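# Chains, contacts and geometry: an overview
Residue strings, one per chain:
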Amino acid sequence: MVNIEQFIQQKAVEAVEALYGAIDSSTVQIQKTRKEFEGDYTLVVFPLLKLSRKSPEATAGEIGERIASLCPELKGYNVIKGFLNLSLGDGFWAERFGEMLRDESWGHHNASGKSIMVEYSSPNTNKPLHLGHIRNNLLGYSVAEILKANGHRVIKANLVNDRGIHICKSMLAWKMFGGGETPASSGMKGDHLVGKYYVEFDKHYKTQIKELMAAGVGEEEAKRTAPIIVAAQEMLLRWEMKDPEVYSLWETMNGWVYDGFEKTYRAMGVDFDKMYYESQTYLLGKSLVDKGLQQGVFTRRDDGSVWIDLTGDGLDQKLLLRGDGTSVYMTQDLGTALQRFEEFDLDELIYVVGNEQNYHFQVLKLILSKLGYRWADHITHLSYGMVELPEGKMKSREGTVVDADDLIDEMVSTARDMSQELGKLDGCSEDAAAEVSRMVGLGALKYFILKVDPRKTMLFDPRESIDFNGNTGPFIQYTHARIRSVLRKATVSGIAFEGMATSGPVEYVSEEISLIKQLADYPSAVAVAGENFSPAIIAAYAYDLAKMYNGYYHDHSILREERPAVRAMRLELSRKVAAVISSAMKLLGIEVPEKM
RNA sequence: GGUUCCGUAGCUCAGUUGGAUAGAGCAACAGCCUUCUAAGCUGUGGGUCGCGCGUUCGAGCCGCGCCGGAAUCACCA
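Residues numbered from 1 in each chain as written. Chains lettered and ligands numbered in written order. Predicted model: local features only at pLDDT ≥ 70, side-chain atom pairs only at ≥ 80, totals over all residues. Heavy atoms only, no water.

### Comments concerning the overall build of chain A
- Summing up its helical and strand segments, chain A has 23 helices and 14 strands in all.
- Counting only C-alpha atoms, chain A reaches 90 × 65 × 40 Å along its principal axes.
- By sequence separation, contacts in chain A at least 24 residues apart represent 73% of the contacts at least 6 residues apart.
- Put simply, chain A shows about 28,000 Å² of open surface, and 50% of that area lies on carbon and sulfur atoms. (Helix = DSSP H or I, 4+ residues; strand = E, 2+ residues; numbered from the N terminus. Contact = heavy atoms within 4.5 Å. Areas by Shrake-Rupley, 256 points an atom, 1.4 Å probe, with all protein chains shown as cover.)

Here it is as C-alpha cells:
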C-alpha cells in the first residue's frame, strides 16, 4: 500500500524543483483538504512565495499545472488564495480500495521490535473499584491495544497495593464487628465485603474522635490516640513481623478482594500479563539509595534520613529513606522501574495514573536521570483527569462514589430496557438478548469515557452516558450490525460479491469515494493514536466512518442494485467498513454485535 | 506562594507539526418509515475559541501578562 500523502508530497516536490530549482522538501507542506473545499490534498504555497516571486494565486497555479503534467493520477486541481487543492482520480482510489480489500489486517502495522510496558489499574485492596478506576482501566487497556496494533510488544502490568494501614483498617473492623462473615455466608462480592468493613472502621474512628474531643482532647491528638487507630497501627506492625494470625487473616481477606476484582475486570473486559504485589516490591529501591549516596546525588541527614535536593530544578526537597531506615513510596517506585527495565528490556514504560500524581512522576523521572539512567526519558506518565459527577466531585468519604459494578449493571439493564422498548429483542433467545444488552450497555459506557481526551477532567452524567443516540458507542455498534445484516441477506439471496469488486470498471458515487478515503486513513489514525496514547483519536475515527456509512446507506439501495459489478463493489465496500469498525472498536475494548 | 494541567455553542466534547468560512452530539425547531434495522437520515437556528499584548503572510494552537477553575507541594500510598 502506498502512503498517499507521501506520494503527493513527492510529486509536489518534483514539480516545485522543476520550477524553482532544488529545495528543502520540508517547505512543501501537504495536508488533507478540508471538507468544505473541492479536492483531496492541499499544498500550502505561502512558504514557497520567496522562491517563485509571484502572487500566491499565480504560484499555486503554475505548480498545479506542473504537477498535473507529471502525475497522471491527478484528476484536476483548483486554487483558492494560497491553497492549491489537488484531486485524485476515481481510478486512483479504486486501486487503493483494491489494496485494502486484499489486506485483512488493514490498519495494523508491522512489528516494530519495541517492548512497552503499560501499568494500569493498580488498585488498593481495601475497597471495590469505582468510576475513577473505570477510566483508568479503560484507558490502560485501550492504549495497550493501540500500541499492539502499532506493532509493539506490549506487557500489561498491574501493581496491586495489597499492604499498608488501609488494609489493616478493614481487617481490624472485620475482626471486631464482622462476626465471621464471609463472601460465601453473606452472598456479597468479596471486594464489597471488605469495603464494607473499611467504611465500618471509619465510622467508629470518627465516633471515637468525637468522644475524645468532647472530653477535652485536641483534634490532632484525638486523631492520633483514638483506640481503634492505635489498634490498626499495631496490626500493621504485627503484619510486618509476619505474625501468623494477622498474616493469614490478611491473605484471606485479600483473597476475597481478588475474587471480586477478577469479576469486575472480566465484566469490563480488561486483562493483565503481569501482576505485581506491593507486599513483594515494597523493599525494592534501597540499593538505589546507596548508589545515589555514593554518587553524591542524595544526602544523609543527622537523623539518618536520606534526601534529594531538587530546588535547583524548581521543585522541593524529597525524602527517600526515613530516619528508621524504612523506605517510602518514591523509593519503591524507583526500584520497581529499574527492575522492570532490566527484566523486560523495555523501550518504554507507561504509567496510567491519575493527575493527582503528576508531581510524583515528575520527581521520579528527574531522580532516575540524575542517577544516570538514560531510560528515564522513556518513562511516560499517562496522566488522566478526574471524573466528576453533575452534583459535584466524588469523594469516597462522602459516599458519593459511583461503584464500578453498580454502574456496569445499570448500563446493561438500561440497554436492555431500551432495546425492548424499540422492539430490537423481538424473536431473540434469552441468551442472545442478554448478550446484546451486555455489549451495548458496556459499549455506551466505554465509548463515553474513551472519547474524551484523557488529560481533561471529565463530567460523567449518568443520564447522558445512557443516551444511545448521536456520538455514542451504540451508534457505531448499530452501524456495524446493520452492515452485517445486509451482508447476511446478500448471502441468503445468493448474491455473489467477494473478490468481484475490482473485477471491472465501475462508476463510483461521491459517498463511496468518501468512504474509501476514510478507510484509507485508518492506518494513520492508528499510528497517531499510538504516538499520542490517545483512544480518543480512534473513537473519533470510528464515529466519522460510521456516520459516513449511515448517510451512504440511506441514499443507496445496495441489494437492489441491478448491475452486478456495482452491487459487488457496494457489498465489498460495506464489508470492509464493517471490518474496520470492528477493528477500531476492538482497540477501544468495545465489542460489536452482529445484530442489535 | 511554587510547580503542573484545564478554559471552544445553553450542555457534553472534537479541532493532527500554526493554514482557508472553528466542527460533532445533546437540547430546540421543521421534514423523512410500503424499499437492505428510524438506536437512523436531511435541514434550520445557535460562537468576542476566558481577557489583553506580542511573534508572522497567517494564531483556538506558539510566547508573555492577567482572570477563572483543578491537582499537587507529607518521615501517606
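Here the narrative resumes.
### Here's the deal with helix H6 (residues 165–177)
- In this model H6 runs 18 Å from its N-terminal to its C-terminal C-alpha over 13 residues, within 8% of the 18 Å that 1.5 Å per residue would give.
- Those residues of H6 lying buried are His166, Ile167, Cys168, Lys169, Ser170, Met171, Leu172, Ala173 and Trp174.
- Gly179 lies just past H6 and shows a positive phi near 55°. (Expected span 1.5 Å × (residues − 1). Buried < 20%, exposed > 50% of the residue type's maximum accessible area, 1.4 Å probe, protein only.)

### Some words on the sheet that holds strand S5 (residues 115–119)
- As summarised here, the arrangement of the five strands in space is S7-S6-S5-S11-S12, forming an open sheet in which the pairing is parallel. Unpaired on one side and paired on the other, strand S7 (274–277) and strand S12 (379–384) mark the two borders of the sheet. With direction set aside, neighbouring strand axes in the sheet form an average angle of 25°.
- For S5 and strand S11 (residues 348–354), the ladder comprises four bridges, and the chain directions are parallel. Its bridge partner being in S11, Glu119 is matched across the sheet by Tyr351.
- Contacting S11 and S12, helix H15 (residues 358–370) crosses the sheet at an angle of about 175° to S12. (Pairing = 2+ DSSP bridges. Axes fitted to C-alpha atoms, helices over the stretch in contact; angles between N-to-C directions.)

### Comments concerning the nonpolar core
- Counting 149 residues, the largest nonpolar core has Ile63, Ile67, Trp93, Val118, Leu131, Ile134 and Ile476 as the members making the most contacts within it.
- With 12 residues, the top contributor of residues to this core is helix H23 (residues 564–587).
- The next biggest cluster of nonpolar side chains, apart from the first, holds 36 residues, and it includes Met117, Leu288, Leu338 and Tyr373. (Core = buried A, V, L, I, M, F, W, Y, C linked by side-chain atoms within 4.5 Å.)

### Some details on the sheet that holds strand S3 (residues 74–80)
- Strand order in the open sheet formed by four strands is S1-S2-S4-S3, and the pairing between neighbours is antiparallel. One side of each edge strand has no neighbouring strand; the edge strands of this open sheet are strand S1 (29–32) and S3. Going across the sheet, the axis of each strand differs from the next one's by a mean of 25°, ignoring polarity.
- Here S3 runs beside strand S4 (residues 83–88); their pairing, made up of six bridges, is antiparallel. Residue pairing across strands places Val79 opposite Leu84, the latter belonging to S4.
- Set on the sheet, helix H1 (residues 4–20) makes contact with S1, strand S2 (41–44) and S4; between it and S1 the angle comes to about 140°.
- Running over the sheet, helix H3 (residues 56–70) touches S2, S3 and S4 and is turned about 175° from S3.

### A closer look at the protein's contact with RNA strand B
- Neighbouring RNA strand B are 67 residues; Arg34, Asp303, Asp316, Lys424 and Tyr553 lie closest to it.
- For RNA strand B, the backbone portion of the atoms within 4 Å of the protein, that is sugar and phosphate, comes to 64%.
- In this structure, Ser419 approaches RNA strand B through a side-chain N or O atom, which is 3.0 Å from a base nitrogen.
- The separation between a phosphate oxygen of RNA strand B and a polar side-chain atom of Lys424 is 2.3 Å.
- Top contributing element to the surface near RNA strand B by residue count: helix H19 (residues 473–492), with seven residues.
- A per-class count over the surface near RNA strand B returns 25 nonpolar, 22 polar and 20 charged. (Near = heavy atom within 4 Å. Polar contact = N/O pair within 3.5 Å; in protein donor to acceptor, adjacent residues only side chain to side chain. Nonpolar A, V, L, I, M, F, W, Y, C, P; charged D, E, K, R; others polar.)

### Looking at the environment of Val566
- Tracing the sequence through the fold places Val566 in helix H23.
- Separated by 94 residues in the primary sequence, Val566 and Thr472 have C-alpha atoms spaced 31 Å apart.
- Every residue in contact with Val566, bar those within four places of it in the chain, is listed here: Val506 and Glu561.

### Points about the packing of helix H13 (residues 286–295) against helix H14 (residues 329–344)
- Close contact between H13 and H14 brings their axes to 8 Å; oriented N to C, the two are set at 95°. Considering the angle they form, H13 stands roughly perpendicular to H14. The segment H13 lies against H14, with Lys286, Leu288 and Val289 engaging Thr331, Leu334, Gly335 and Leu338.
- Among the residues making up the contact of H13 with H14, the classes are represented as four nonpolar, two polar and one charged. (Parallel < 35°, antiparallel > 145°, perpendicular 65-115°, else oblique.)

### Some thoughts on H15
- When the terminal C-alpha atoms of H15 are compared, their 18 Å separation across 13 residues agrees well with the 18 Å that a helix rising 1.5 Å per residue should span.
- Among the residues of H15, those classed as buried are His360, Phe361, Val363, Leu364, Leu366, Ile367 and Leu368.
- Those residues of H15 that are buried are in contact with strand S9 (306–309), strand S10 (317–321), H14, S11 and S12.
- Of the residues one or two after H15, Gly372 is the one with positive phi, at around 95°.

### A word on the packing of aromatic side chains
- What the rule picks out here adds up to 21 aromatic pairs.
- An angle of 65° between the planes, with centres 5.7 Å apart, marks the rings of Tyr258 and Tyr277 as edge-to-face. One end of the pair, Tyr258, is in helix H11 (residues 244–268); the other, Tyr277, is in strand S7, and 19 residues separate them in sequence.
- The exposure class of Tyr258 is partly exposed, given its relative accessible area of 25%.
- Between the aromatic rings of Tyr351 and Phe361, the centroid separation amounts to 4.9 Å while the plane-to-plane angle is 45°, which identifies the pairing as tilted. Of this pair, Tyr351 sits in strand S11 while Phe361 sits in helix H15, placing them 10 residues apart in sequence. The two residues Tyr351 and Phe361 agree in class, both being buried.
- Its end group placed over the ring of Tyr276, Arg340 keeps NZ or CZ at 4.6 Å from the ring centre. (Phe/Tyr/Trp six-rings, centres within 6.5 Å; stacked < 30°, edge-to-face > 60°. Lys NZ or Arg CZ within 6 Å of the ring centre and 35° of its normal.)

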